[in-house]
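Survey of secondary and tertiary structure
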Amino acid sequence: MSVGETPLTIVGNLTDDPELRFTPSGAAMAKFSVASTPRSYDKTAGQWQDGTAMFLRCTAWRDLAQHVAESLTKGMRVVVTGRLRQHNWQTDQGENRSMLALEVDDIGPSLRFATAKVNRIQRNGTTPTPAVDAWNSPAPAGTTPAAGGWGTPSSGDEPPF
């Protein structure tokens with residue numbers, strides 16, 4: 001990130017499926033919008049009140065763009081980080097316009113109200129073969145607490161970390 005850039009993290013819901021496009025040079029670009037609505041509890045009414053929704057246009061590039069298009073869909077709650085950019089242009093009638101948008105550095109599903117399964121992609125675009133997961137595999141014989149210890153029967157009750 002360069003000096004003077006405005007970093008931003010936003011949590012909200014995708015307003016539509018990400019739109020994947022390709023530049024003439026072949027670079028992938030995904031465009032999508034995130035809606036974030038603040039909520040506050042009104043003690044006098046005894047209920048939650050929605051504030052004014054903010055809609056932020058986002059753009060992801062290259063591999064990230066393809067991952068976004070393959071993984072995320074309309075309505076998903078996401079956590080997006082990136083750099084806030086201002087775009088200025090002039091209409092055909094000569095009116096000056098501007099808008100703020102987020103150039104996405106990272107994005108993922110929010111796990112506050114959902115679960116996700118992550119598939120790591122190697123740089124060459126292939127999915128690696130699954131490695132043995134020591135936390136999700138049965139313990140070798142003689143290494144359980146009931147057998148006298150975590151590592152070896154002589155290690156006592158100490159975990160291996």
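Before going into details, it helps to say that this report is about the structure given with it. (Residues numbered from 1 in each chain as written. Predicted model: local features only at pLDDT ≥ 70, side-chain atom pairs only at ≥ 80, totals over all residues. Heavy atoms only, no water.)

A few words on the overall build of the chain. A count of helical and extended segments in the chain gives one helix and eight strands. What you see in the chain, going N to C, is helices and strands ordered as β-β-β-β-β-β-α-β-β. Of the accessible surface of the chain, which amounts to about 12,000 Å², a share of 52% is contributed by carbon and sulfur atoms. (Helix = DSSP H or I, 4+ residues; strand = E, 2+ residues; numbered from the N terminus. Areas by Shrake-Rupley, 256 points an atom, 1.4 Å probe, with all protein chains shown as cover.)

Further remarks concern the pairing of strand β5 (residues 47-50). Here four bridges tie strand β4 (residues 39-42) to β5, and the two strands are oriented antiparallel to one another. Paired with Tyr-41 across the two strands is Trp-48, which belongs to β5. (Pairing = 2+ DSSP bridges.)

If you walk through the whole model with that rule in mind, you get eight salt bridges. Residue Arg-39 is joined to Asp-50 by a salt bridge in which the shortest nitrogen-to-oxygen separation is 2.7 Å. Of the two residues, Arg-39 is situated in strand β4 and Asp-50 in strand β5; the sequence distance between them amounts to eleven residues. Judged by its relative accessible area of 54%, Asp-50 falls in the exposed class. Among the salt bridges present, the one from Glu-95 reaches Arg-97, with a minimum N-O distance of 2.6 Å. Assessed through its relative accessible area of 39%, Glu-95 is described here as partly exposed. Counted as one network, the salt bridges with shared partners bring together Glu-5, Arg-83, Arg-85, Glu-103 and Asp-105. (Salt bridge = Lys/Arg side-chain N within 4 Å of Asp/Glu carboxyl O. Buried < 20%, exposed > 50% of the residue type's maximum accessible area, 1.4 Å probe, protein only.)

What follows concerns the pairing of strand β2 (residues 19-22). Bridge count for β2 against strand β3 (residues 28-36) is four bridges, and the pairing is antiparallel. Its bridge partner lying in β3, Phe-22 is registered against Ala-28. Between the antiparallel neighbours β2 and β3 lie five residues, among them Gly-26 with a positive phi of about 100°.

On to the environment of Gly-75, then. Note that Gly-75 resides in the loop between α1 (62-71) and β7 (77-90). Along the chain, Gly-75 and Val-34 lie 41 residues apart, while their C-alpha atoms are 9.2 Å from each other. Ignoring anything within four residues of it in the chain, the contact list for Gly-75 reads Asn-13 and Leu-14. (Contact = heavy atoms within 4.5 Å.)

Phi angles above zero are rare outside glycine, and Arg-62 is one such case at about 55°. Its place among the elements puts Arg-62 in helix α1. Classification of Arg-62 by relative accessible area gives exposed; the value is 55%.

Take the environment of Ser-98 next. Along the chain, Ser-98 turns up in strand β8 (residues 96-109). For Ser-98, a relative accessible area of 44% gives the class partly exposed. Expressed as a C-alpha distance, the spacing of Ser-98 and His-87, which sit eleven residues apart in the sequence, is 5.4 Å. Not counting residues up to four positions away in its chain, the partners in contact with Ser-98 are Gln-86, His-87, Asn-88 and Trp-89.

Right, let's talk about the nonpolar core for a bit. Grouped together as the largest cluster of nonpolar side chains are 17 residues, with contacts concentrated most on Phe-32, Val-34, Val-80 and Ile-107. Residue assignment for this core shows that the elements contributing at least two residues are β1 (6-14), β3, β6 (54-61), α1, β7 and β8. Tallying contributions element by element places β3 first for this core, with four residues. When neighbours within four sequence positions are excluded, Val-34 is seen to be in contact with Ile-10, Gly-12, Asn-13, Leu-14, Thr-15, Met-54, Phe-55, Leu-56, Cys-58, Val-78 and Val-80. (Core = buried A, V, L, I, M, F, W, Y, C linked by side-chain atoms within 4.5 Å.)

Purely geometric numbers; function is a separate question.
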